[in-house]
Amino acid sequence: MSNFSNQIRASSALIKRLKHHHHHRSSNPLLLMQSRSYTTNECHRPAIVQKRSLDILHDPWFNKGTAFSMTERDRLDLRGLLPPNVMTPEQQIERYMVDLKRLEVQARDGPSDPNALAKWRILNRLHDRNEVMYYKVLINNIEEYAPIVYTPTVGLVCQNYSGLFRRPRGMYFSAEDRGEMMSMVYNWPADQVDMIVVTDGSRILGLGDLGVQGIGIAIGKLDLYVAAAGINPQRVLPVMIDVGTNNEKLLEDPLYLGLQENRLDGDEYVAVIDEFMEAVFTRWPNVIVQFEDFQSKWAFKLLQRYRNTYRMFNDDVQGTAGVAIAGLLGAVRAQGRPMIDFPKQKIVVAGAGSAGIGVLNTARKTMARMLGNNEHAFDSAQRQFWVVDAKGLITEDRENIDPDALPFARKVNEINRQELWEGASLVEVVQKVKPDVLLGLSAVGGLFSKEVLEALKGSTSTRPAIFAMSNPTNNAECTPEEAYSSLGENIIFASGSPFKDVDLGNDRIGHCNQGNNMYLFPGIGLGTLLSGSRIITDGMLQAAAECLAAYMTEEEVLKGVIFPSISSIRDITKEVAAAVVKEAIEEDVAEGYRGMDARELRKFSQIQRSKFSIFNQ
């Protein structure tokens, strides 16, 4: 009887509490809406979690799995839904890594499935269920897993994305959504978004038109924003703009997930991109949009269309250029010369797409700045480049020349003196020019053949540089083994995708530098975010490149190491971001971040621009 009485009293008390709770909440609609909320921490700021029970375990943004404390389990109605033993994050990662190493081989779908793709699958499953742990694993093992979530494996992921797709990530805007995008952006659950990476899938790495499957590159880039720059993963958004595809294989594939129609072009295409940009900046006025892997035809046009209106940049044009400039300046240092000698370098560039032209424009500006930044300086700098595309050397005799390549077309009287001609092959140009640098941005694997590399032996440089920058690995213009075996140890080698150093025997190492955009774009994004800059200026991008160029010590560059280890990516990103913030302040485009206005930013005098200036090296 006493037990029954106790139950009655307990039930009565509960009913009174519920009545009181309902009356209190119903009088305040805002409190009623938040009646199932729980306050947690987003970095050092409180955030409201509007979920309970299985809903929170199924949400990768908030799920911590067995790491939920008993207090959290009680407040979030999780008690009994998890094993009773509370694990530390370190224990979780240790358990996961043991499983990962075991599954890396077993998860392969037959011998044709590369081990790297198996790793991506396993990491992606973790990403789907527990973002906190996923990013801890990625940050703690960045050197091993950056090539899995980013280049080169991301290229393979994009090629197979329709078959790999399990759970949606990011947003998809298509040509069929015209007129609806302004309302569509409110379907995304985050009230604040700091970073968007957007692609139309038209030129994924060097793999061509992959249509809607190109969203894999946007996801991979944002993984690095989180891992390298510490951007809140709840405030990043990968975006695919699907305007069709011209890839015949995808148009005929019944499993393809995108629009099976030819790509929009002309004004119709621009109207779709315009509508997208207006929509995302209407909902998130302070967001930064990074354009990624748009075909050359549109990359420059869209950059010029939006860069003075929106906070945006194109990583293929501007990020690739910045990394290349840092590498080129590092190569000058590796020759034992001051970086101010950069305008004397003779550079043969293979490739005249968006990346190639972007590098050429930035390199010319950098040389011109060193020479006085006047018209004569620009003319002088322009003469240091020889550009070779699929049709050979680009000269003024070229018919229907691309307007973006026109400034770098060689004058007829100049090439006549060099015994060259319109359409001369790469090997002929290298033989005649005897360049200090051979820079590959062609997306043509093996372009730097043995014949081309042998021709570089005639270089007037004491230590010629070979930059095989095309991604993914199969598209690299040559391998480090090919370069060192043809030219010996006294060269500088860099690539876009990771390669292992070359053992040259007798304890000598041929260093392979990975000159990848990941060294710059996270810092550019973070610096822009923290400065609150209205736009992303050429000066901010230049400051980022100069910072990276100066990052390596003199001892390291003389050994041939011109880019840092991926394991240092968070420190590099911090330095690059500081340089970007400082430049934004100096150019008076900084408006501050959250509670800090531009005046307060200027007080941070410890950020010394002189540390990053190439003129002080």
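The protein chain goes by Malic enzyme in an unreviewed UniProt entry, where it is assigned to Quercus lobata. What the UniProt record of the protein chain gives under Catalytic activity (unreviewed entry) is the line "(S)-malate + NAD(+) = pyruvate + CO2 + NADH". Quoted verbatim from the Sequence similarities (unreviewed entry) field of UniProt, the annotation for the protein chain is "Belongs to the malic enzymes family."

## Observations concerning empty space enclosed by the protein
For the coordinates displayed, the defined rule picks out one cavity of 30 Å³ or more. In this structure, the largest cavity encloses a volume near 180 Å³. As for the largest cavity, its lining consists of 19 residues, and the residues nearest its centre are Trp120, Asn124, Tyr161, Arg169 and Ile219. Listing elements by their share of the lining of the largest cavity, those giving two or more residues are α6 (115–129), α9 (153–159), α10 (161–164) and α12 (215–229). Looking at the lining of the largest cavity, the element that brings in the most residues is α6, giving five residues.

## Let's talk about the pairing of strand β9 (residues 385–389)
Counted residue by residue, β9 has four buried out of five residues, so it is predominantly covered. In textbook terms, the turn of a hairpin is the stretch between consecutive antiparallel strands, and for β9 and strand β10 (residues 392–393) this stretch comprises two residues.

## A word on the pattern of salt bridges
Counting across every chain of the model gives 33 salt bridges. Where Arg79 meets Asp74, a salt bridge forms, and the shortest distance between an N and an O atom there is 2.6 Å. Among the residues examined, Arg79 registers a relative accessible area of 51% and is labelled exposed. Note on Asp74: relative accessible area 42%, which makes it partly exposed. The salt bridge involving Arg263 is made with Asp209; its shortest N-O contact spans 2.9 Å. Taken together, the positions of Arg263 in the loop between α13 (248–252) and α14 (266–283) and Asp209 in the loop between β4 (195–199) and α12 put the pair 54 residues apart, joining distant regions of the chain. A residue is classified by how much of its surface remains accessible, and Asp209, at 14% relative accessible area, is buried.

## Notes on the packing of aromatic side chains
One pass over the structure, following the stated rule, counts 13 aromatic pairs. Between the aromatic rings of Tyr161 and Phe165, the centroid separation amounts to 6.2 Å while the plane-to-plane angle is 65 degrees, which identifies the pairing as edge-to-face. For Tyr161, a relative accessible area of 7% translates into the label buried. Ring geometry for Phe281 and Tyr310: centres 4.5 Å apart, planes at 25 degrees, overall stacked. Of this pair, Phe281 sits in helix α14 while Tyr310 is found in the loop between α15 (296–306) and β7 (312–314), placing the two residues 29 residues apart along the sequence. Side by side, Phe281 and Tyr310 carry an identical accessibility label, which is buried. By the ring-pair criterion, three or more aromatic residues cluster together here, those being Phe281, Phe291, Phe294, Tyr306 and Tyr310.

## Quick notes on the layout of surface pockets
When its volume is computed, the largest pocket comes out at roughly 990 Å³. Forming the boundary of the largest pocket are 35 residues, of which Trp61, Phe62, Pro189, Ala190 and Gln234 lie nearest the centre. Elements with a contribution of two residues or more to the lining of the largest pocket: β2 (45–49), α6, α7 (131–140), α12 and β5 (236–242). Here the lining of the largest pocket is built from residues that sort into 18 nonpolar, seven polar and 10 charged.

## Considerations on the sheet that holds strand β16 (residues 513–514)
Pairing between the strands of a sheet is mediated by backbone hydrogen bonds and can be parallel or antiparallel. Strand order in the open sheet formed by seven strands is β10-β9-β8-β11-β12-β13-β16, with mixed pairing between adjacent strands. One side of each edge strand has no neighbouring strand; the edge strands of this open sheet are β10 and β16. Strands in contact with helix α16 (residues 315–334) are β8 (347–350), β11 (437–440), β12 (465–468) and β13 (492–495); relative to β12, the strand with the most contacts, it is inclined by about 155 degrees. In the packing of helix α17 (residues 354–370) onto the sheet, contacts are made with β8, β9 and β11, and the angle to β9 comes to roughly 180 degrees.

## Looking at the UniProt feature "binding site: (S)-malate" (unreviewed entry) in the protein chain
Sequence positions flagged by UniProt for "binding site: (S)-malate" (unreviewed entry) are, in local numbering, Arg203, Asn471 and Asn516. Mapping Asn471 onto the fold places it in the loop between β12 and α22 (480–487). Given the relative accessible area of 17%, Asn471 is considered buried. Discounting chain neighbours no more than four positions away, the residues touching Asn471 are Thr151, Leu205, Gly206, Gly496, Ser497 and Asn516. Within the fold, Asn516 resides in the loop between β16 and α23 (521–531). By relative accessible area, which is 1% here, Asn516 ends up buried. Apart from the residues within four sequence positions on either side, Asn516 is in contact with Tyr150, Thr151, Val323, Asn471 and Gly496.

## Describing the sheet that holds β5
Strand order in the open sheet formed by five strands is β3-β5-β4-β6-β7, with parallel pairing between adjacent strands. Each of the sheet's edge strands pairs with one partner strand only, and the pair in question is β3 (171–174) and β7. The average angle at which neighbouring strand axes cross in this sheet is 20 degrees, direction not considered. Direction of pairing for β4 relative to β5: parallel, over a ladder of five bridges. Looking at β5, one finds that Val198 is bridged to Val239. Those strands touched by α14 are β3, β4, β5, β6 (288–291) and β7, and its axis lies near 150 degrees from that of β6. Sitting on the sheet, α15 is in contact with β6 and β7, with an inclination near 160 degrees to β7.

Definitions and cut-offs
Residues numbered from 1 in each chain as written. Predicted model: local features only at pLDDT ≥ 70, side-chain atom pairs only at ≥ 80, totals over all residues. Heavy atoms only, no water. UniProt positions renumbered as here; feature names shortened; annotations may be inferred. 1 Å grid on protein atoms, 1.4 Å probe; cavity = no way out; pocket = protein on both sides within 12 Å on 5 of 7 lines; lining within 4 Å. Points joined across faces, edges and corners; volume = space filled by probe spheres on them. Helix = DSSP H or I, 4+ residues; strand = E, 2+ residues; numbered from the N terminus. Buried < 20%, exposed > 50% of the residue type's maximum accessible area, 1.4 Å probe, protein only. Pairing = 2+ DSSP bridges. Salt bridge = Lys/Arg side-chain N within 4 Å of Asp/Glu carboxyl O. Phe/Tyr/Trp six-rings, centres within 6.5 Å; stacked < 30°, edge-to-face > 60°. Nonpolar A, V, L, I, M, F, W, Y, C, P; charged D, E, K, R; others polar. Contact = heavy atoms within 4.5 Å. Axes fitted to C-alpha atoms, helices over the stretch in contact; angles between N-to-C directions.

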